Amino acid sequence: MDKMMADCPVCKIRGSLEVKTKTEEIPYFGEIMESTIKCVECGFKHSDIICLEVKEPVRYVLKINKNKLKVRVVKSQSATINIPELGLKVEPGPQSQGYVSNVEGVLERFEKAVKTALSWAEEEESKKNAEKILEDMEKVKNGNKTVTLIIEDPFGHSLIEDEKAMKEKLSEDDIRNLKTGFINIDQ
Ligand SMILES: [Zn+2]
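Quick look at the structure, then. (Residues numbered from 1 in each chain as written. Predicted model: local features only at pLDDT ≥ 70, side-chain atom pairs only at ≥ 80, totals over all residues. Heavy atoms only, no water.)

**Concerning the coordination of the zinc ion**
Logical step 1: Those protein atoms acting as donors to the zinc ion are C8 (SG), C11 (SG), C39 (SG) and C42 (SG), and they sit at 2.3 Å.
Logical step 2: If you look at the zinc ion, its four donor atoms make angles of 105 to 114° with each other, and the shape they trace is tetrahedral.
Logical step 3: The exposure class of C8 is buried, given its relative accessible area of 3%. (Donors = N, O, S within 2.8 Å, 3.2 Å for Na, K, Ca; no water. Tetrahedral: all angles 85-135°; square planar, octahedral: opposite > 155°, others 65-115°. Buried < 20%, exposed > 50% of the residue type's maximum accessible area, 1.4 Å probe, protein only.)

**A few points about the sheet that holds strand β5 (residues 58-64)**
Logical step 1: A sheet is described by the order of its strands in space; here five strands give the open sequence β8-β7-β10-β5-β12, paired in antiparallel fashion. Because the sheet does not close on itself, it has two edges, and the strands there are β8 (88-90) and β12 (166-169). In this sheet, neighbouring strand axes are inclined to one another by 15° on average, regardless of whether the strands run parallel or antiparallel.
Logical step 2: For strand β7 (residues 80-83) and β8, the ladder comprises three bridges, and the chain directions are antiparallel. (Pairing = 2+ DSSP bridges. Helix = DSSP H or I, 4+ residues; strand = E, 2+ residues; numbered from the N terminus. Axes fitted to C-alpha atoms, helices over the stretch in contact; angles between N-to-C directions.)

**Thoughts on the packing of aromatic side chains**
Logical step 1: According to the stated counting rule, one finds zero aromatic pairs in the structure shown.
Logical step 2: Positioned over the ring face of Y99 is R109, at 3.5 Å from the centre of the ring. (Phe/Tyr/Trp six-rings, centres within 6.5 Å; stacked < 30°, edge-to-face > 60°. Lys NZ or Arg CZ within 6 Å of the ring centre and 35° of its normal.)

**Quick notes on the sheet that holds strand β9 (residues 99-102)**
Logical step 1: One open sheet accounts for three strands, arranged β9-β6-β11; its pairing is antiparallel. The outermost strands of the open sheet, each flanked by one partner alone, are β9 and β11 (159-161). Mean inter-strand twist for the sheet, computed between neighbouring axes without regard to direction, equals 15°.
Logical step 2: Examined bridge by bridge, strand β6 (residues 72-75) and β9 share four bridges and lie antiparallel to one another. Bridging from a neighbouring strand, R72 pairs with N102 of β9.

**Brief notes about the pattern of salt bridges**
Logical step 1: Scanning the model with the defined rule gives 18 salt bridges in all.
Logical step 2: Note that E34 is salt-bridged to K22, the shortest N-O span being 3.9 Å. With a gap of twelve residues between them, E34 in strand β3 (residues 30-39) and K22 in strand β2 (residues 17-26) connect regions that are remote in the sequence.
Logical step 3: Beyond isolated ion pairs, a larger network of salt bridges with shared partners links R59, E152, E168 and D174. (Salt bridge = Lys/Arg side-chain N within 4 Å of Asp/Glu carboxyl O.)

**Some points on the nonpolar core**
Logical step 1: V103, L107, L149 and I160 are the most contacted members of the largest nonpolar core, which totals 35 residues.
Logical step 2: For this core, the secondary-structure elements that each account for two or more residues are β4 (45-51), β5, β6, β7, α1 (103-120), α2 (124-142), β10 (147-153) and β11. (Core = buried A, V, L, I, M, F, W, Y, C linked by side-chain atoms within 4.5 Å.)

**Focus on a positive patch on the surface**
Logical step 1: Together, K38, K45, R109 and K112 make up a positively charged patch on the protein surface.
Logical step 2: Here K45 lies in strand β4. (Patch = residues over 30% accessible without salt bridge, like charges linked within 9 Å, V, L, I, M, F, W, Y side chains within 5 Å. Areas by Shrake-Rupley, 256 points an atom, 1.4 Å probe, with all protein chains shown as cover. Lys, Arg positive; Asp, Glu negative; His and termini not counted. Charge placed at Lys NZ, Arg CZ, Asp CG, Glu CD.)

**Some thoughts on α2**
Logical step 1: With 19 residues, α2 should reach 27 Å at 1.5 Å per residue; the first-to-last C-alpha distance of 27 Å fits that figure.
Logical step 2: Of all the positions in α2, only A130, I133, L134, D136, M137, V140 and K141 are classed as buried. Buried positions in α2, seen along its axis, are confined to an arc of 160° and lie on one side of it. Summarising the geometry of α2, the exposed residues directed more than 90 degrees from the buried face are E124, E125 and K128.
Logical step 3: Downstream of α2 by one or two residues, G143 has phi in the positive range, about 95°. (Expected span 1.5 Å × (residues − 1). Arc of directions from axis to C-beta.)

**Some points on unusual backbone geometry**
Logical step 1: In this structure, K12 takes a positive phi of about 70° despite not being glycine.
Logical step 2: Within the fold, K12 resides in the loop between β1 (2-6) and β2.

Read these as spatial facts, not as claims about activity.
Next up, the structure:
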């Protein structure tokens, strides 16, 4: 792990930004560089992964339950991640981050987002819906439910590292329908 200090782009304080990078070799996938930046002054934080190789657009599909919680997941900034059974989907945007985690970590990220949505929800129906999703996620973690985890990445920089994970190449149509996290301007 390499560490250096830089100037913070948010609060502009010199030398307050801690930049950590770590390079990791993942079998059959290649080398990735994980970077995390954090400002010790204002708390600004961002993480991303950079894949050092050019890849094909890809989709990974894996049935997940209690037995798959430790499966490694690499999610790049450009990836769309979704669990159709729970109606959960995260598309890339300017705020999206890349990370290396596992299935449990992915569920925790979703859980946090649903809890935030629940705390903001005003309508009874939205509250019930959010509570149902949280219950279902609990069931997945307890071994009482199996759902599908899908990661689609137009740049192929994401991965579900499990022998049961189905890997397929994205079609041209698939790619057109995906958001990339970059701002597109129509000419
Ligand atoms: Zn700062």
